[in-house]
Structure formats: C-alpha cells, structure tokens
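Listed here are the chains, written in short residue letters.
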Amino acid sequence: MVGYAFMGVAHSHAWRTAPRFFDLPLAPDMAVVAGRDEQAVRAAADRLGWRDTETSWKALVAREDVDLVDVCTPGDTHADIAVAALEAGKHVLCEKPLANSVEEAETMVRAAEAARSAGALAMVGFTYRRVPAVQLAKRLVDEGRIGTVRHVRAQYLQDWIADPQAPLSWRLDRTKAGSGALGDIGAHVVDLAQFVTGEHLTGVSAVLETFVRERPLAASSSGLSGTGAADGATGPVTVDDAAVFLARLSGGGLATFEATRFAYGRKNAIRLEINGSAGSLAFDFEDMNVLHYFDASQPAWEAGFRRVVVTEPEHAYVGAWWPAGHGLGYEHAFTHQAVDLVRDVADHRQPRPSFADGLQVQRVLDAVERSAADRSTWTEVPAPAGASDDPTEE
C-alpha cells in the first residue's frame, strides 16, 4: 500500500478483516506500506498491520514480494504509481477519483488494458457501491421494479470545512487534489447514479463556487481535521467548495447533483433518490442500513414508501457478518471492496469499477468544470466506449 493516512487506515482495516469474515480463494498478505517519512511510516505499519516499510513508492513497486499495489495517495500521484505498478505486472487498486485530469485517466486506462493481457488487473475505489443497501437499489432497478428512470437526485453533503478557520489541507490545493468538493465527494455520487441506474451522463450544466478563498496554513492534520499555524499564516484555497449541476441520462431521464463541504449538520450525507415510471428508491448514507422503496403498482389507499432494513443474510455481503438485524458501518464497504478484488484476481476476471469506469466519471467532472467556466453552458460528456447516447436506440 502507498500512503497511510485516512484512506490508508480504511484500506488497511479492510485487508486485515476480509479473510477473517469471508471465505477467500487467496489470502491477503500485508507485505509493505510506503510513505516518505521513515519514522511515521514505521509507526503506521506497526499500528495498521503491515510487515515492512519503504520510503519510496518506486522501491515498493519493484519488490518481488508484492503482487498488488493499493494506491491511497493524493490524486496528483495516482497516474505515476498506478501505471508503474501495472507495467511491473502488479494488480492495482487505486482510490478515487482515478486521476486529476482526463488525460491522466486515459493514460491509466491504456496501461490497464495493456496489463490485463499480461494478467494484471486494475480497479478504482468507488467504495460506496458496496454498501448493501446500494446493492439492493441496483438490484431493484435491474429487475425493472421502478420502471424507466425519469429522475435522479444525488447529493453528497459534508460540513468539515464550513468553518472559515478550518486549516488548509492537500484537499484544498488544486495541484494535489485536482478539484475540491466536485472530485473529492461529487465523484462518488456521479458513480453511484451511473452504477445504480445502469446509465451514463450525456451532458451537464454546472456552477462551482469557492466560499472561503483564504485559510490558515495547517500546523498539523489528522484525517479531515487539523490545526492552524500558530503564527496566523494563511494560504489560498484553489479548489471549489461546492458544485451544483444538472445532467441528462443516456436513457433520457433528468438528474441533479450537489456536492458541498459547507452543509452544517450534514456529516456524510450521501443521498440518492431515483424516480421511475413504476416506482421510486431513496437512500441516505447517514442511515446506511436502510433503503426506501415505493411501488407505484400498489393501490393509492395503501401506497407509501416501504422502509427496508438491509441487514438480512440474503442481502449482498451481509451473510458474512453478524446475525440478522445487526447493522454495518462505514468500514464494511472497504472490506467488501477487498473481498471482491481478491475474488476477481483469483478468477482472472475484470474487477468493477474498472479504470474505464473511473475515466467515465473523470469525463463528467471535466465537463462540469468546463461548463461552470463558461457561464453554465450545456456541455456534452463523451459516451463510454460502445455506448449510445440515443435513448430510443436498442
């Protein structure tokens, strides 16, 4: 694994936990973690369960005892690490968003395609796909239970930088993060909307805003929080604080998206509502073990949203965990991600979401930025390879 901060901790927990709850065809061996600070990476390795350390990701990629490289670093390093690992014949798991630009993402897709022919596989970490309630939502859509998709409302709301005195972090630096709320959290709801509906976005009209343009320099950081410099020094915020955009789905439906880290009181509210010709679905990650389902075929006198508690062993992934009715948490989706990737590697099967899926999300993010820069002009999103943007075409 390269990187050991917030995402590195979550991924480490997943690698440790997956073989203890799931029957896996291969046993994850946590060989080595890399970070630039020798003392800090050693402490992280001891705490998180890694056997060895490196201070160079290049040295990690070159090691013969490494078969899979897990990339948990800021976006500006994803392409270099992932491409080098794939060229060295390693499988790759890369955190989202896939890259900081469409061009970098395209380079990563080409590397993944070339590596696959030699047996190396690549996955991008859109982890929320693996929440059991989200899996149930996709199943209901795939089975036609809500009919033709007409509307999608997708939001990702947080508040961790709503305070203007919250210090600068790499997530507020465009050179490292690529974008702000748009790429950090907006990418997740773009992926979820496309994953659950089975459709892709064909065009967008967008607005981006930065509410606080100068922040205290960070004296220290931990996860998403930190403390400002004692001398009061400040630095510029070079990313968006919030993104709002309209979109068209490839099946003809309409969608609205909102991503912000300025929604006081919303800690990790990932909200997805889908209205179809035969019913509706609604999900909120702050109540992550529940899916709301409306069946429009029911007579009006008894119709209403049904609250489905997604904790039965028949639900995706749930049977490996606790007795029925005992809820799962944030960390479990990372374990499910590790489980799926190990099984795909063992079966020589392309993992999903693939780097091509990550590229499609990157193209949406790019279209959003271009639209916002051009007075919200309607901006088309290139279709995935082999897809049609004509909702009438079969």
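Just so it is clear, the structure is predicted and the values come from calculations on it, not from any experiment. (Residues numbered from 1 in each chain as written. Predicted model: local features only at pLDDT ≥ 70, side-chain atom pairs only at ≥ 80, totals over all residues. Heavy atoms only, no water.)

**A look at the packing of aromatic side chains**
Phase 1: One pass over the structure, following the stated rule, counts 13 aromatic pairs.
Phase 2: Here the aromatic rings of Phe 6 and Tyr 330 are separated by 6.4 Å at their centres, their planes lie at 20°, and the arrangement is stacked. On the criterion of sequence distance, the pair formed by Phe 6 in helix H1 (residues 6-21) and Tyr 330 in helix H9 (residues 330-346) is long-range, its members being 324 residues apart.
Phase 3: According to the relative accessible area criterion, Phe 6 is partly exposed, its value standing at 30%.
Phase 4: Between Phe 21 and Trp 321 the ring centres are 4.5 Å apart and the planes differ by 35°, which places this aromatic pair in the tilted class. Taken as a pair, Phe 21 in helix H1 and Trp 321 in the loop between strand E17 (306-309) and H9 lie far apart in primary sequence, 300 residues in all. (Phe/Tyr/Trp six-rings, centres within 6.5 Å; stacked < 30°, edge-to-face > 60°. Helix = DSSP H or I, 4+ residues; strand = E, 2+ residues; numbered from the N terminus. Buried < 20%, exposed > 50% of the residue type's maximum accessible area, 1.4 Å probe, protein only.)

**Focus on the pairing of strand E6 (residues 149-157)**
Phase 1: By the bridge criterion, eight bridges tie E6 to strand E14 (residues 269-276) in an arrangement that is antiparallel. Residue pairing for E14: Gln 155 is matched across the bridge by Arg 271.
Phase 2: When E6 meets strand E13 (residues 254-260), the two strands line up parallel, connected through seven bridges. Each bridged residue has a counterpart across the sheet, and for Leu 157 the counterpart in E13 is Thr 260. (Pairing = 2+ DSSP bridges.)

**Examining the pattern of salt bridges**
Phase 1: Overall, the coordinates contain 24 salt bridges when judged by the stated rule.
Phase 2: A salt bridge links Arg 145 to Glu 143; its shortest N-O distance comes to 3.5 Å.
Phase 3: Put simply, Arg 349 and Asp 347 hold a salt bridge, and the shortest N to O gap is 3.1 Å.
Phase 4: Judged by relative accessible area, which is 40%, Arg 349 ranks as partly exposed.
Phase 5: A relative accessible area of 47% means that Asp 347 is categorised as partly exposed.
Phase 6: Counted as one network, the salt bridges with shared partners bring together Asp 52, Glu 54, Arg 63 and Asp 65. (Salt bridge = Lys/Arg side-chain N within 4 Å of Asp/Glu carboxyl O.)

**Quick word on the sheet that holds strand E7 (residues 201-209)**
Phase 1: An order of E17-E16-E15-E14-E6-E13-E12-E7-E18 is seen for the nine strands of this open sheet, with the pairing classed as mixed. Pairing within the sheet leaves two strands with one partner each, and these edge strands are E17 and strand E18 (379-380).
Phase 2: The sheet contacts of helix H6 (residues 132-142) involve strand E15 (279-284), strand E16 (290-295) and E17, and relative to E16 the element is tilted by about 20°.
Phase 3: Lying over the sheet, helix H10 (residues 355-373) contacts E7, strand E12 (242-249) and E18, oriented at roughly 50° with respect to E7. (Contact = heavy atoms within 4.5 Å. Axes fitted to C-alpha atoms, helices over the stretch in contact; angles between N-to-C directions.)

**What about the side chain of Arg 215?**
Phase 1: As for its placement among the helices and strands, Arg 215 is situated in strand E8 (residues 214-216).
Phase 2: Despite being buried, Arg 215 has no salt bridge partner; Asp 241 is the closest side chain of opposite charge, sitting 4.9 Å away.
Phase 3: A distance of 3.3 Å separates the side chain of Arg 215 from the backbone oxygen of Pro 164, its partner in a polar contact.
Phase 4: If we ignore the near neighbours within four places in the chain, the residues touching Arg 215 are Ile 161, Asp 163, Pro 164, Gln 165, Ala 166, Leu 168, Leu 172, Ala 233, Thr 234, Gly 235, Val 237 and Phe 262. (Lys, Arg positive; Asp, Glu negative; His and termini not counted. Polar contact = N/O pair within 3.5 Å; in protein donor to acceptor, adjacent residues only side chain to side chain.)

**Considering the packing of helix H4 (residues 78-87) against helix H5 (residues 102-116)**
Phase 1: Contact geometry of H4 with H5 gives a least axis separation of 9 Å together with a crossing angle of 10°. As judged from the angle between their axes, H4 and H5 are roughly parallel. Contacts between H4 and H5 pair His 78, Ala 79, Ala 82, Val 83 and Leu 86 from the former with Glu 104, Thr 107, Met 108, Ala 111, Ala 112 and Ala 115 from the latter.
Phase 2: Taken together, the residues of the contact of H4 with H5 break down into eight nonpolar, two polar and one charged. (Parallel < 35°, antiparallel > 145°, perpendicular 65-115°, else oblique. Nonpolar A, V, L, I, M, F, W, Y, C, P; charged D, E, K, R; others polar.)

**So, H4**
Owing to its 3.6 residues per turn, the α-helix aligns residues three or four sequence positions apart on the same side.
Phase 1: Along H4, seven of the ten residues are buried, which leaves the element largely enclosed by surrounding structure.
Phase 2: His 78, Ala 79, Ile 81, Ala 82, Val 83, Ala 85 and Leu 86 are the residues of H4 that are buried.
Phase 3: The elements touched by buried residues of H4 are helix H3 (57-62), strand E3 (68-71), strand E4 (91-95), H5, strand E5 (122-125) and H10.

**A closer look at unusual backbone geometry**
Phase 1: In this structure, the amide linkage connecting Lys 96 to the following residue, Pro 97, adopts the cis form with an omega of -20°.
Phase 2: Between Arg 352 and Pro 353 the backbone carries a cis peptide bond, its omega angle lying at 0°.
Phase 3: The phi dihedral of Tyr 317 is positive, around 75°, even though this residue is not glycine.
Phase 4: Note on placement: Tyr 317 falls in the loop between E17 and H9.
Phase 5: A positive phi angle is found at Arg 375, which is not glycine, with a value near 55°.
Phase 6: Mapped onto the fold, Arg 375 is located in the loop between H10 and E18.
Phase 7: For Arg 375, a relative accessible area of 79% puts it in the exposed group.

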